[in-house]
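Structural features, examined
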Amino acid sequence: MDLALWITAGLLATVALLGGITKTFVPKEKLAAQHGGEWTGNVGAGFVKALGILELLAAVGLILPAVLDIAPVMVPVTALCWILLMIGAMVTHGRLGQYKLVMLNSVYLALAAFVAGGHLAA
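Residues numbered from 1 in each chain as written. Predicted model: local features only at pLDDT ≥ 70, side-chain atom pairs only at ≥ 80, totals over all residues. Heavy atoms only, no water.

1. Side note on a nonpolar patch on the surface
A cluster of nonpolar residues, Trp6, Val60, Leu64, Val67, Leu68 and Ile70, forms a patch on the protein surface that exposes about 550 Å² of accessible area. At four residues, the largest contribution of residues to the nonpolar patch is made by helix H3 (residues 45-68). In this structure, Val67 sits in helix H3. (Patch = residues over 30% accessible without salt bridge, like charges linked within 9 Å, V, L, I, M, F, W, Y side chains within 5 Å. Areas by Shrake-Rupley, 256 points an atom, 1.4 Å probe, with all protein chains shown as cover. Salt bridge = Lys/Arg side-chain N within 4 Å of Asp/Glu carboxyl O. Helix = DSSP H or I, 4+ residues; strand = E, 2+ residues; numbered from the N terminus.)

Next comes the structure, spelled out in structure tokens:
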């Protein structure tokens, strides 16, 4: 079970890291031109960058506390925050009719729920 939690947290951290780097460093106009990034055309650049920074923090929070054994409770807290982020992403993509992305976000949500539940149960 522990190995499954590490693998799942690592996968989610990778997703968060890639999304965070993209939202933080790629110009909003370039994101808006990509499939799945159309929502960025309706919000400010600061909001997109803030979400990117939150995703970068999530990448760190899903791995580092457990690795360093410093405040390991932050791993499930981060996973719960990721769930909230995925709910927002699902609503946003659903409003745009991007149902494949809604399904992808629901998979990320389920993985985060597994990480949160696994760590809280331990």
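2. Focus on the environment of Val75
Along the chain, Val75 falls in helix H4 (residues 74-95). Expressed as a C-alpha distance, the spacing of Val75 and Leu120, which sit 45 residues apart in the sequence, is 9.2 Å. Leave out the neighbours within four places in its chain, and Val75 touches Gly61, Leu62, Pro65, Ala66, Val115 and His119. (Contact = heavy atoms within 4.5 Å.)

3. Details of the packing of H3 against H4
The geometry of H3 relative to H4 is characterised by a closest axis approach of 8 Å and an angle of 150° between their N-to-C directions. As the angle between them shows, H3 and H4 are arranged roughly antiparallel. Remark: the crossing between H3 and H4 carries left-handed chirality. Only Met74, Val75, Thr78, Ala79, Trp82 and Leu85 of H4 make contact with H3, whose side of the interface consists of Leu51, Glu55, Ala58, Gly61, Leu62, Pro65 and Ala66. Counted by class, the contact of H3 with H4 contains ten nonpolar, two polar and one charged residues. (Axes fitted to C-alpha atoms, helices over the stretch in contact; angles between N-to-C directions. Parallel < 35°, antiparallel > 145°, perpendicular 65-115°, else oblique. Left-handed = near helix turned anticlockwise from the far one by under 90°. Nonpolar A, V, L, I, M, F, W, Y, C, P; charged D, E, K, R; others polar.)

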